[in-house]
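Next come the chains, spelled out residue by residue.
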Amino acid sequence: MKTLTELVCIGTLALATGCAHGPATEDSTYQGLGGQSGIRKIVDTLVPMITADARIKESFKDSDLKNLAMRLQEQFCELAGGPCKYKGKDMKDIHDGLNITNAQFNALAEHLQAAMDKHGIAPAVQNKLVARLAPMQKEIVTK
Ligand code: HEM
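Residues numbered from 1 in each chain as written. Predicted model: local features only at pLDDT ≥ 70, side-chain atom pairs only at ≥ 80, totals over all residues. Heavy atoms only, no water.

Named according to an unreviewed UniProt entry, the protein is Group 1 truncated hemoglobin originating from Massilia frigida. The UniProt entry for the protein carries the following text under Cofactor (unreviewed entry): "heme". You can read under Sequence similarities (unreviewed entry) in the UniProt record for the protein the words "Belongs to the truncated hemoglobin family. Group I subfamily." (UniProt positions renumbered as here; feature names shortened; annotations may be inferred.)

Written out as structure tokens, the structure is:
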């Protein structure tokens, strides 16, 4: 078993190596999603799935779907460690008053996974993105 000192040394070495290569940006998830064009394809598959699903489509009846697609692309790109900045509204503010349930949140997450499957995204990469979206559940679900 490694001693604490050894572990600290390994950690320090890893940090030093990271610093030598510039700021540590975790972009393997972004690359795994296929970069900007891969993310665009996923979102372009996802949005029609959302608006066709009886469990959630009612919420989007007055929505600007072009704007939604653009914001989702920015958001997924940023969360995946890509070179984007989400410029949309605060997650709590935009979803407030929609009375979204856990089941509806899960429905959207399932569609996202199906869209990623359709574009051949590796399960480990899918899991990373979904794990980064998961903390938003408490901001989005109000019912
Ligand atoms: C993983 C879960 C979800 C994520 C990451 C997410 C993300 C987003 C984003 C980025 C926007 C755009 C904000 C903006 O326009 O500035 C948005 C808007 C919206 N979301 Fe969600 N959302 C999620 C779940 C849901 C669910 C489950 C529903 C409804 C059942 C929902 C309904 C809406 C509606 C109605 C809008 C407003 C669209 C518009 O009118 O422009 N969202 N969401």
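The discussion continues.
Peer 1: So what exactly am I meant to see when it comes to the environment of Lys89 here?
Peer 2: Within the secondary structure layout, Lys89 lies in the loop between helix H4 (65–79) and helix H5 (91–95). Sequence separation between Lys89 and Arg71 is 18 residues; the distance between their C-alpha atoms is 8.8 Å. (Helix = DSSP H or I, 4+ residues; strand = E, 2+ residues; numbered from the N terminus.)

Peer 1: Quick question: what am I supposed to make of the pattern of salt bridges here?
Peer 2: As a working rule, side chains carrying opposite charge can pair if their charged atoms are close by. Scanning the entire structure with this criterion turns up 7 salt bridges. With its nearest N and O atoms 2.8 Å apart, the salt bridge here joins Arg55 to Asp53. A relative accessible area of 44% places Arg55 in the partly exposed class. Classification of Asp53 by relative accessible area gives buried; the value is 9%. Glu74 is the partner of Lys87 in a salt bridge, and the nearest nitrogen-oxygen pair spans 4.0 Å. Residue Lys87 is located in the loop between H4 and H5, and its partner Glu74 is located in helix H4; the two are separated by 13 residues in the primary sequence. We classify Glu74 as buried; its relative accessible area is 12%. (Salt bridge = Lys/Arg side-chain N within 4 Å of Asp/Glu carboxyl O. Buried < 20%, exposed > 50% of the residue type's maximum accessible area, 1.4 Å probe, protein only.)

Peer 1: Teacher, can you tell me more about the coordination of the iron atom of the ligand here?
Peer 2: Reference geometry at the metal: tetrahedral coordination by four donors gives ideal angles of 109.5 degrees; octahedral coordination by six donors gives 90 or 180 degrees. There is one protein donor for the iron atom of the ligand, and it is His95 (NE2), at 2.1 Å. Tracing the chain through its elements places His95 in helix H5. (Donors = N, O, S within 2.8 Å, 3.2 Å for Na, K, Ca; no water.)

Peer 1: Help me out: how do you make sense of the site of the ligand in this one?
Peer 2: With respect to spatial proximity, 22 residues lie near the ligand, and among them Phe60, Ser63, Asn67, Lys89 and His95 are the closest. Note that an oxygen atom of the ligand is positioned 3.1 Å from one of the side-chain N or O atoms of Ser63. Separating an oxygen atom of the ligand from a backbone N or O atom of Lys89 is a distance of 2.7 Å. Its residues assigned to classes, the shell around the ligand shows 13 nonpolar, 7 polar and 2 charged. (Near = heavy atom within 4 Å. Polar contact = N/O pair within 3.5 Å; in protein donor to acceptor, adjacent residues only side chain to side chain. Nonpolar A, V, L, I, M, F, W, Y, C, P; charged D, E, K, R; others polar.)

Peer 1: For this particular structure, what's the right way to read H4?
Peer 2: The periodicity of an α-helix, 3.6 residues per turn, causes residues three or four places apart in sequence to face the same way. An ideal rise of 1.5 Å per residue puts 21 Å on 15 residues; H4 measures up with 21 Å between its terminal C-alpha atoms. Where H4 is buried, its residues meet helix H2 (28–32), helix H3 (35–52), H5, helix H6 (102–118) and helix H7 (123–133). A side-chain oxygen of the first residue of H4 lies 3.1 Å from the backbone nitrogen of Lys66; this N-cap is Asp64. In the stretch just after H4, Gly81 is the one whose phi turns positive, near 90 degrees. (Expected span 1.5 Å × (residues − 1). Contact = heavy atoms within 4.5 Å.)

Peer 1: In this structure, what is going on with the side chain of Thr45? I would like to understand it.
Peer 2: Locating Thr45 in the fold gives a position in helix H3. At a separation of 2.7 Å, a polar atom in the side chain of Thr45 contacts the side chain of His119. Once you skip the residues sitting within four places of it in the chain, Thr45 turns out to touch Ala115, Lys118 and His119.

Peer 1: In this structure, what is going on with H3? I would like to understand it.
Peer 2: The end-to-end C-alpha distance of H3, which contains 18 residues, comes to 26 Å, matching closely the 26 Å that a straight helix rising 1.5 Å per residue would cover. Of all the positions in H3, only Gly35, Gly38, Ile39, Ile42, Val43, Thr45, Leu46, Val47 and Ile50 are classed as buried. Packing partners of the buried residues in H3 comprise H2, H4 and H6.

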